[in-house]
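The residues making up each chain are set out below.
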Amino acid sequence: MADQNTHYDVLIIGQGASSYSAAMYVARYQMKPIIFGAIFGGETATGGVIENYPGYPEIDGFELMLKFREQAEKYNVPIVDGNIVKAAKLVDGFEVTTEEGETYRGASIILGVGRERRTLGLDHETEWMGRGVSYCATCDAPIHRGNTVAVVGGGDSAVKGAVLLGKYAKRVYIIYRQGSFTRPEPINLAQLDASSNVEPIFNTQIVELLGDDGLTGVVLSQEHNGSSKLTLDGVFIEIGADPRVDLPNQLGLDLNDVNEVIVDKAGTTNIEGVFAAGDLTDASGDLKQTITASAQGAIAATSAYAYASEHANSYETQAMGYSLVEVD
Ligand SMILES: Cc1cc2nc3c(=O)[nH]c(=O)nc-3n(C[C@H](O)[C@H](O)[C@H](O)COP(=O)(O)OP(=O)(O)OC[C@H]3O[C@@H](n4cnc5c(N)ncnc54)[C@H](O)[C@@H]3O)c2cc1C
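Computed from a predicted model, the values in this text were never measured in an experiment.

## Notes on the overall build of the protein chain
- Assigned secondary structure in the protein chain consists of 9 helices and 19 strands.
- Against the compact-globule benchmark of 20 Å for 328 residues, the protein chain has a radius of gyration of 22 Å, which places it among compact chains.
- Burial analysis of the protein chain (328 residues in total) assigns 42% to the buried set.
- Long-range contacts, defined here as pairs at least 24 residues apart, represent 63% of the contacts in the protein chain between residues at least 6 apart.

## Digging into the site of the ligand
- Around the ligand sit 37 residues, and of these Gly16, Gly42, Gly47, Gly114 and Gly278 come closest.
- Going through the elements one at a time, α1 (17-28), β2 (33-37), α2 (42-46), α5 (156-166) and α8 (290-310) are the ones with two or more residues in the shell around the ligand.
- Grouping the constituent residues of the shell around the ligand by class yields 13 nonpolar, 18 polar and 6 charged.

## Observations concerning the domain arrangement of the protein chain
- Segmentation of the protein chain into domains returns domain 1 (7-117 + 241-319) and domain 2 (133-237).
- Distance from the C-alpha centre of domain 1 to the C-alpha centre of domain 2: 33 Å.
- If you look at the interface, domain 1 gives 4 residues, while domain 2 gives 7 residues.
- Considered class by class, the residues forming the side of domain 1 that touches domain 2 number no nonpolar, 3 polar and 1 charged.

## Some details on the sheet that holds strand β11 (residues 148-152)
- Here 5 strands make up an open sheet; going across it, the order is β10-β17-β11-β12-β13 and the pairing parallel. The open sheet has two free edges, formed respectively by β10 (133-134) and β13 (198-201), since each of these has just one partner strand.
- The pairing of β11 with strand β17 (residues 234-237) spans 4 bridges and is parallel. Counted as the bridge partner of Val152 is Ile237 from β17.

## A few points about the sheet that holds strand β15 (residues 215-224)
- One open sheet holds the 3 strands; their spatial order is β14-β15-β16, and the pairing between them is antiparallel. Two strands in the sheet have a free side with no partner beyond their single neighbour: β14 (206-211) and β16 (227-231). Across the sheet, the mean angle separating the axes of adjacent strands is 30 degrees when strand polarity is ignored.
- Pairing analysis gives 5 bridges linking β14 to β15, with the strands arranged antiparallel.

## A look at unusual backbone geometry
- Phi at Asn203 takes a positive value of approximately 55 degrees, unusual for a residue other than glycine.
- With respect to the element layout, Asn203 can be found in the loop between β13 and β14.
- With a phi angle near 50 degrees, Asn225 is a residue other than glycine that sits in the positive phi range.
- Turning to its location among the elements, Asn225 is positioned in the loop between β15 and β16.
- On the neighbour-count criterion, Asn225 (7 C-beta atoms within 10 Å) is exposed.

Calculation rules
- Counting from 1, residues in each chain are numbered in the order their sequence is written.
- Two thresholds apply to this predicted model, a pLDDT of at least 70 for residue-level local features and 80 or more for giving and counting side-chain atom pairs, whereas whole-chain, interface and lining totals are computed over all residues.
- Elements are defined by DSSP. Helices are runs of H or I of four residues or more, strands are runs of E of two residues or more, and each kind is numbered from the N terminus.
- For this measure, only C-alpha atoms enter the radius of gyration; the expected value for a globule follows 2.2 Å times N^0.38, where N is the number of residues.
- Residues with at least 20 neighbouring C-beta atoms inside 10 Å of their own are called buried, those with 12 or fewer are called exposed, and the rest are partly exposed, where every C-beta is derived from the backbone.
- The contact criterion used is a C-beta to C-beta distance within 7 Å, with each C-beta placed from the backbone.
- Whether a residue is near a molecule or strand depends on its C-beta atom, placed from the backbone, lying within 6 Å of it.
- Residue classes follow a fixed rule: Ala, Val, Leu, Ile, Met, Phe, Trp, Tyr, Cys and Pro count as nonpolar, while Asp, Glu, Lys and Arg count as charged, and any other residue, Gly among them, counts as polar.
- By convention here, the domain bounds are inherited from an automatic or database domain assignment.
- Note on pairing: two strands pair once DSSP finds at least 2 bridges between them.
- Helix axes use the C-alpha atoms of the stretch in contact, all axes being lines fitted to C-alpha atoms, and the angles between their N-to-C directions lie in the range 0 to 180 degrees.

Quick look at the structure:
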């Protein structure tokens, strides 16, 4: 049970693979963690069938994350469902604030807030979410049985999404601005090649979303089969994601040129007591997966444990009533 009067050892921000893995490790070090997260399971939970997480030859991502959560609950880790909107360094520790204005304090932070999916930036895109526009093939594919849909993008997520949609929809277009796909996993590409109802349209972008009260089609940057208009029941946008930098910026974390939080191999950031893990960070280069995020969560937890051990004396002082003076 989350308690605003408890002084937690580690405030873990995120409810994805990196955060649950961190929570489990922190709890096993016999420290007190607490998890905050807006969306249960993060990207793994909506990423579809996972075939590359060791121990599970094939498992739905949502089910895998339920297992992560169950394992954390076994150690009685309190879970607060909701966003953290503010994170501040105090003289001795940190304070985070939820959207509802609740504050929680702790000796250190592990950030696992992942990435925000990119949008096309077209008119009606946000307005028609759930009315033909989607960012999650796994969530919405079943409602497109017998329909004609398009996936926008050319990376692994786009290819994986198109394969899944091909199992429900009558026809799937995969629209990509480049001339060939960008490094999808070969096994996913092979599945795409085997999907007879999926057709790539390369060197093309969507320039307009058509419809009245929801999506009915798109206008392409160049003609396809003699027309620049494509009639569609749905469009799935899978064009990548950017690290969520709001909390890292509030805490003064160093970012690299693509806005990933810079961590060393121990998950340590430039701010003492703040650790980071998973897709938010530069820890595993382009390989951003459930297994890498989980491993980095475990590593960050171990570093938080070492940090707590090094600061054992000041920590005792904090437990007796630490200062609430914010540090710039
Ligand atoms: C379509 C798709 C398919 C994929 N398929 C696979 C696959 O087959 N195999 C594989 O290994 N990987 C796959 N991945 C990648 C994998 O899902 C990610 O690498 C993994 O989810 C990263 O975990 P994470 O904990 O770093 O971040 P995330 O899973 O993104 O979790 C971030 C968490 O932080 C929370 N959050 C964000 N902001 C705040 C805030 N301010 N306060 C509190 N909480 C916040 C979010 O709600 C979320 O719970 C796929 C990804 C996508 C998009």
